[in-house]
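Letter by letter, the chains look like this.
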Amino acid sequence: MPRVSSYMRGADSCKTNLKWQDWGEDLYLASCFEQVIMVPGIGDISISGDDVCKGEGSAAGPSTGATCWDGEKASYHPFKNAGDWFRCHDQTTTG
């Protein structure tokens, strides 16, 4: 299982060996673990609501929806600014 200590040992290599500057934190960490630190990812779309990271074309997975109010997911993606994140958070906590 990936741990913070694994990332800390490999962080400099990830920053040096990946073209991460235009990526979000999700793509950066997944790429860092899988391509540099060599920790394979585990895909479990049942716990995350996501309308973005599902692949392209015929390889695309199902949309799991970024519906913050559904109360069924552990996380929702993407919310790239504080206002959007807080709106989603408020929907999850006020149900």
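Let us look at the structure shown here. Bear in mind that the values here come from a model prediction, so they are computed numbers and not experimental data.

## Here's the deal with the overall build of the protein chain
Item 1. Helix and strand counts for the protein chain come out as three helices and two strands.
Item 2. Helices and strands appear in the protein chain in the N-to-C order α-α-β-β-α.
Item 3. Among the 95 residues that make up the protein chain, the fraction classed as buried is 20%.
Item 4. Looking at the protein chain alone, contacts between residues at least 24 apart form 36% of all its contacts between residues at least 6 apart.

## Here we look at unusual backbone geometry
Item 1. Here the phi dihedral of Met38 falls at roughly 70°; this positive angle occurs in a residue that is not glycine.
Item 2. Residue position: Met38 is located in the loop between helix H2 (25–37) and strand E1 (48–50).
Item 3. On the basis of relative accessible area, Met38 is assigned to the exposed category, the value being 58%.

## A closer look at the nonpolar core
In globular proteins that are soluble, nonpolar side chains generally tend to be buried together.
Item 1. Grouped together as the largest cluster of nonpolar side chains are eight residues: Tyr7, Ala11, Cys14, Leu18, Tyr28, Cys32, Phe33 and Val39.
Item 2. In this structure, Tyr28 is in contact with Tyr7, Ala11, Cys14, Lys15, Leu18, Trp20 and Trp23, ignoring residues within four places of it in sequence.

## Quick word on the packing of aromatic side chains
Item 1. According to the stated counting rule, one finds four aromatic pairs in the structure shown.
Item 2. Centre to centre, the rings of Tyr7 and Tyr28 are 6.3 Å apart; their planes meet at 85°, and the pair counts as edge-to-face. Of this pair, Tyr7 sits in helix H1 (residues 4–17) while Tyr28 sits in helix H2, and the two are 21 residues apart along the sequence. The same class applies to Tyr7 and to Tyr28, which are both buried.
Item 3. Ring centres of Trp20 and Tyr28 lie 6.2 Å apart, and the angle between their planes is 70°; this geometry places the pair in the edge-to-face category.

## Quick notes on the state of the cysteines
Item 1. Enumeration over the complete set of coordinates arrives at one disulfide.
Item 2. A disulfide bridge connects Cys14 with Cys32, and the sulfur atoms are separated by 1.9 Å. In this structure the cystine formed by Cys14 and Cys32 twists about its S-S bond by roughly 75°; its chirality is therefore right-handed. Of this pair, Cys14 sits in helix H1 while Cys32 sits in helix H2; the two residues are 18 residues apart in sequence, bridging distant segments of the chain.
Item 3. Judged by its relative accessible area of 0%, Cys14 falls in the buried class.
Item 4. Taking the relative accessible area as the measure of exposure, Cys32 reaches 0% and is therefore buried.

## Remarks on the environment of Thr93
Item 1. Within the element layout of this structure, Thr93 appears in helix H3 (residues 82–94).
Item 2. Here the alpha-carbon distance between Thr93 and Gly71, two residues 22 residues apart in the chain, equals 8.7 Å.

Quick notes on the rules
- Residues numbered from 1 in each chain as written.
- Predicted model: local features only at pLDDT ≥ 70, side-chain atom pairs only at ≥ 80, totals over all residues.
- Heavy atoms only, no water.
- Helix = DSSP H or I, 4+ residues; strand = E, 2+ residues; numbered from the N terminus.
- Buried < 20%, exposed > 50% of the residue type's maximum accessible area, 1.4 Å probe, protein only.
- Contact = heavy atoms within 4.5 Å.
- Core = buried A, V, L, I, M, F, W, Y, C linked by side-chain atoms within 4.5 Å.
- Phe/Tyr/Trp six-rings, centres within 6.5 Å; stacked < 30°, edge-to-face > 60°.
- Disulfide = S-S within 2.5 Å.

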